[in-house]
Amino acid sequence: MQERIWTAALVVIGDEILSGRTQDKNIAQVATWLNAQGIRLAEVRVVPDKQDAIVEAVNALRARNDYLFTTGGIGPTHDDITVDAIAAALAVPVIVHPAARAALDAYYASKGGLTEARLRMARVPEGADLIVNRMSGAPGIRWGNIFILAGVPHIAAGMLDALTGTLEGGLPVISRTIGCWVAESEVADLLGDTERAQDGVSIGSYPFFREGRVGANFVVRATDPALVDRCVAVLAEGLEARGFEAVDGGI
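Residues numbered from 1 in each chain as written. Predicted model: local features only at pLDDT ≥ 70, side-chain atom pairs only at ≥ 80, totals over all residues. Heavy atoms only, no water.

K.L.:
For this particular structure, what's the right way to read the packing of helix α3 (residues 51-63) against helix α4 (residues 82-90)?
P.N.:
Direction vectors running N to C along α3 and α4 enclose 50°, while the axes themselves pass 9 Å from each other. Here α4 runs oblique to α3, going by the angle between their axes. In the packing of α3 onto α4, the handedness of the crossing is right-handed. From α3, Q51, I54, V55, V58, N59 and R62 reach across to α4, where they touch D84, A85, I86, A88, A89 and L90. (Axes fitted to C-alpha atoms, helices over the stretch in contact; angles between N-to-C directions. Helix = DSSP H or I, 4+ residues; strand = E, 2+ residues; numbered from the N terminus. Parallel < 35°, antiparallel > 145°, perpendicular 65-115°, else oblique. Left-handed = near helix turned anticlockwise from the far one by under 90°. Contact = heavy atoms within 4.5 Å.)

Okay, structure coming up:
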């Protein structure tokens, strides 16, 4: 019986990401966290701070994945429209969540109080639950299988930590890398044959050019550690049989 594979998608929201002014760090940390939960990040889309773009991405990606995560656009300014856009995608109104308001009220009590701008961070699509944010007063938001996270990486990381162990998933993916000073085109058939012979394994090839030479690192991935080790051994033997030294851990 084939193992159930759980997938998630990520929508990264923000004009600053698309303009290049800010380099996104959330994709890597969301992907790493999801893998530890036994969930695979299947696709990522980066969209501007425009409601139509957010609505389209949210509805498309949540329909074909078990979970959908978003980062960015839940702050106190006028261009933080993620909550409004997701509420529109879900066809529900936006409300002020009483627990979120209470958390913000407490957080800002010694920081000038809860202004109208700060109160924006208590707004959620109706029916939502909150994701604990220990870094600042503004919580993340969960609505069904949608998880709305902050765009600031260390705050998003805290929200992910609060979600650890709460999502249903499968087995985490294990990976090992071997490297070789060889053009990947010279061993493409070996990579393909090895992957096809080991059910449940995927092999990624990542070429590079260093020291005036071409090489590649080959990453073997599967949910079974023994299967990963066996596939690495087969691949290493195949490389060495062709006269190429396999370097465990990559180059």
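K.L.:
When you look at the sheet that holds strand β3 (residues 67-71) in this model, what are you seeing that I'm missing?
P.N.:
Spatial strand order, β2-β1-β3-β8-β7-β6: 6 strands in an open sheet with mixed pairing. Both edges of this open sheet fall to β2 (39-47) and β6 (129-131), since each of them pairs with a single strand only. Ignoring which end each strand starts from, the neighbouring axes of this sheet average 20° apart. The sheet contact formed by strand β1 (residues 6-13) and β3 spans 5 bridges and is parallel. Its bridge partner being in β3, A8 is matched across the sheet by Y67. Of the strands in this sheet, β1, β2, β3 and β8 (146-149) touch α3, which is tilted by about 160° from β2. (Pairing = 2+ DSSP bridges.)

K.L.:
In this structure, what is going on with the sheet that holds strand β12 (residues 247-248)? I would like to understand it.
P.N.:
Within a sheet, adjacent strands bond to each other through the backbone by hydrogen bonds, running parallel or antiparallel. The sheet built from 4 strands is open, its strands ordered β10-β11-β9-β12 with antiparallel pairing. In this open sheet, the two edge strands, each paired with only one partner strand, are β10 (202-210) and β12. Two strands pair when backbone bridges link them, and strand β9 (residues 174-180) and β12 are joined in this way by 2 bridges, in the antiparallel orientation. When the sheet's bridge partners are listed, G179 is paired in β12 with V247. Contacts from helix α8 (residues 188-197) reach β10 and β11 (213-222) within the one sheet, and its direction differs from that of β10 by about 160°. In the packing of helix α9 (residues 225-241) onto the sheet, contacts are made with β9, β10 and β11, and the angle to β9 comes to roughly 10°.

K.L.:
I tried to follow unusual backbone geometry on my own but got confused; where do I start?
P.N.:
Negative phi characterises most residues that are not glycine, and trans characterises most peptide bonds. A positive phi angle, near 60°, is found at A91, a position not held by glycine. Its place among the elements puts A91 in the loop between α4 and β4 (94-96). If you check the backbone angles, E211 has positive phi at about 50° while not being a glycine. Along the polypeptide, E211 turns up in the loop between β10 and β11. Taking the relative accessible area as the measure of exposure, E211 reaches 69% and is therefore exposed. (Buried < 20%, exposed > 50% of the residue type's maximum accessible area, 1.4 Å probe, protein only.)

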